Amino acid sequence: MSVSREIIDDVFAFRKPERVPVGVCLGGSYPFFVEGVSLQELLTQPPSRAAEIFYRVNERVGADFITVGTGATALLIEGLGGQIKFSPKGAPEIAAPLVQSEADIEALNIPAALQTEKMQWLKEAAAETVKLNHQQKSLFVSGRAPFTLAGQLLGLETLSKSLYKNKTFVEKLLEFTVKLSASYFEWMLQIDGLNGIFIADPSASGDVVSVKHFETTVIPPLTAVMQQLAHYQKLSLIHICGNITDRLHLIPQTGIQMVSVDSKVDLQQAKKILDGKTALAGNVNPVTVLEDKTAEEVYWETQQCLNIAAKDGGFMLLPGCDISAKVSEKNIKAFVNAAKEWKE
Amino acid sequence: MTKTKHELYALLSDAVVGMDEDTAAALSREAIGAGYDAYETIEQGLAKGMERAGKLFDESEYFVPELLMCADALNVGLDILRPHITTEERSEKHRIVIGVIEGDTHDIGKNLVKLMLSAAGFDVIDLGRDVPPSVFVERAIKEEAKIIMISSLMTTTMDGMEETVQLLHEKGVREKFKVAVGGGPVSSGFAEKIGADGYASNANQAVKLANELAQSK
């Protein structure tokens, strides 16, 4: 019988997997919430404590796919000199834009940002998680894509207007965020035993930018990051929020191997568009299904999702977006079991 | 030749939809120079343009950057025209308290809703982002608002919306306010579940909802 990691490897390679693999957390804060501890508190404790919580909760619910590096974006931006605010309910938030001009960009020091105590702690926590894993599950390091990072450094509103008013500045900022994103992933991939990278690009959402801007300002920087990371030969997965059906056809050219879609995306259509070039993941609604329905209903809804997307492989079950601490463990187990028991 | 006011209003509306700040400014000055009523120019020109932009947003022709650019053109015109509005034209407006719920700093959606509501003639009090439920309630009472609008982009912070509704009940003021919710992970089912009065999926829908709630008892 294959272990979780091997099943996920099969899905990425478009080989028919033994069963459908499943992941529970996208951003990864859920294990901390349910154990009643915040990232801020954990940062004062040994990294092994965070790894232990993280791994134990994912193991308990039966996840095949685990992300490490929760909070990395905010901690990285803090390392660059930004202000962040810890949240008891989620990952830390960026409190204020760090960048306003090209001179501000030039002053940012990526190597120094990666060497802060908090970033070192984060890396050690990821390394401890790898030790607990013994290559059983598939461990992905999570981080942000260049376009979303640009919005976090500049403020999404200013970035949005700058797409029209100051294109040169946007180009400079994206050049920097390509370096930032790739440097962060490279730094984390120094840890032996990580299986892939999980890139989140929420600001590239189909609810935020047009296909035209997606094509000109989201895809090229993403492709640049993937090219820089290609020699690591790790698996790659991206999650983009909102309905991205109209831009899915642009994903394969980035070199990213799997795309995780929001509940707003029609899986059947997505699979047709991706046409075996990029694998698919998603997309059970984290609120209206996973949080609000009974375990029996969650199981049924998840099976419907699998009936549409899991035939012939190339598919991993994930929630359509990150889950809140209010999702019951009973419902998560129903979600996981639906994948593990699904048959064509 | 001087444009008729209807021609000018149409061009002003086009300037907003076309994200053209310079033309919006020039036409707004032209309206003042021609002696056209400033309030009417805003309503029939600038606000109409923003309404059209909202429809394009609804139809996925425009996205956040385009709507923000339209809003910039609108604001350039408003800055020129507002000082010329007479006191009697400043009619009673429905007041809305708006903000992003505690724990969430994603405010672009809220800012778009605020822009659209202001363009539609509502008096909008912006509480900003990361706003605790108690602050929504206190400010709504203090400002004598008619509607409380709460946004959340994260599944992890949506609970604060329910807390706000519960707090209104606890303080015995639930009936005084209409509560509307919105944001990426929010749905009409969620709004119903937490006892809110309405849900809007985007900025344009939020204006329609606000109009309905403002008219309801």
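Note that the structure is a prediction, hence the values are computed from the model and not measured.

> Would you mind showing me how to read the overall build of chain A here?
Helix and strand content of chain A: 15 helices and nine strands. For chain A, the proportion of its 344 residues judged to be buried stands at 60%. For chain A, the share of sequence-separated contacts (at least 6 apart) that also reach a separation of at least 24 residues comes to 73%. Roughly 13,000 Å² of accessible area belongs to chain A as shown, and the carbon and sulfur atoms make up 49% of that amount. Positive and negative side-chain charges of chain A, numbering 33 and 39 respectively, have mean locations separated by a distance of 2 Å.

> Quick question: what am I supposed to make of the environment of Ile191 of chain A here?
All names here are of chain A. Examined against the element boundaries, Ile191 turns out to sit in the loop between helix H11 (167–188) and strand S5 (196–200). Spatially, the C-alpha atoms of Ile191 and Leu156 are 32 Å apart, while their sequence positions differ by 35 residues. With near-sequence residues (within four places) excluded, Ile191 lies in contact with Lys123, Ala126, Ala127 and Val130.

> I tried to follow the pattern of salt bridges on my own but got confused; where do I start?
Between side chains of opposite charge, a pair can form as their charged atoms come close. Residue and element names in this part refer to chain A. Counted according to the given criterion, the structure contains 35 salt bridges over all chains. Across the salt bridge formed by Arg247 and Asp246, the nearest N and O atoms sit 2.7 Å from each other. Residues joined by salt bridges that share partners form a network here, namely Glu35, Arg49, Glu52, Arg56, Arg60, Glu329 and Lys333.

> Can you walk me through the packing of aromatic side chains in this structure?
The way to describe two aromatic rings as a pair is by their centre distance and the angle between their planes. All names here are of chain A. Scanning all chains against the criterion turns up five aromatic pairs over all chains. With 5.0 Å between their ring centres and 65° between their planes, Phe65 and Phe140 make a pair best called edge-to-face. Of this pair, Phe65 sits in strand S1 (residues 65–68) while Phe140 sits in strand S4 (residues 138–144), and the two are 75 residues apart along the sequence. Each member of the pair, Phe65 as well as Phe140, carries the same accessibility label: buried. Between Tyr184 and Phe185 the ring centres are 5.3 Å apart and the planes differ by 55°, which places this aromatic pair in the tilted class.

> When you look at the packing of helix H9 (residues 146–154) of chain A against helix H10 (residues 156–165) of chain A in this model, what are you seeing that I'm missing?
Residue and element names in this part refer to chain A. Orientation of H9 relative to H10, taken along the N-to-C sense of each, is 115°, at an axis distance of 6 Å. Relative to H10, H9 is oriented roughly perpendicular. Facing H9, whose interface residues are Phe147, Ala150, Gly151 and Leu154, H10 presents Leu156, Thr158, Leu159, Ser162 and Leu163. Its residues placed into classes, the contact of H9 with H10 shows six nonpolar, three polar and no charged.

> Looking at this structure, I do not really get empty space enclosed by the protein. What am I missing?
Vacant regions in the atomic arrangement are exposed by a probe of water-molecule size rolled over the atoms. Residues and elements named next belong to chain A. Under the defined criterion, the tally for this structure stands at three cavities of 30 Å³ or more. By volume, the largest cavity is sized at about 110 Å³. In terms of lining, the largest cavity is formed by 13 residues, of which the most central are Phe32, Phe54, Gly69, Thr70 and Ala125. At the level of secondary structure, the elements contributing two or more residues to the lining of the largest cavity comprise helix H4 (47–61) and helix H8 (117–133). The element contributing the most residues to the lining of the largest cavity is H8, with five residues. Of the residues belonging to the lining of the largest cavity, the class tally is 10 nonpolar, three polar and no charged.

How each quantity is defined
Residues numbered from 1 in each chain as written. Chains lettered and ligands numbered in written order. Predicted model: local features only at pLDDT ≥ 70, side-chain atom pairs only at ≥ 80, totals over all residues. Heavy atoms only, no water. Helix = DSSP H or I, 4+ residues; strand = E, 2+ residues; numbered from the N terminus. Buried < 20%, exposed > 50% of the residue type's maximum accessible area, 1.4 Å probe, protein only. Contact = heavy atoms within 4.5 Å. Areas by Shrake-Rupley, 256 points an atom, 1.4 Å probe, with all protein chains shown as cover. Lys, Arg positive; Asp, Glu negative; His and termini not counted. Charge placed at Lys NZ, Arg CZ, Asp CG, Glu CD. Salt bridge = Lys/Arg side-chain N within 4 Å of Asp/Glu carboxyl O. Phe/Tyr/Trp six-rings, centres within 6.5 Å; stacked < 30°, edge-to-face > 60°. Axes fitted to C-alpha atoms, helices over the stretch in contact; angles between N-to-C directions. Parallel < 35°, antiparallel > 145°, perpendicular 65-115°, else oblique. Nonpolar A, V, L, I, M, F, W, Y, C, P; charged D, E, K, R; others polar. 1 Å grid on protein atoms, 1.4 Å probe; cavity = no way out; pocket = protein on both sides within 12 Å on 5 of 7 lines; lining within 4 Å. Points joined across faces, edges and corners; volume = space filled by probe spheres on them.

This is a description of form; function is not addressed.
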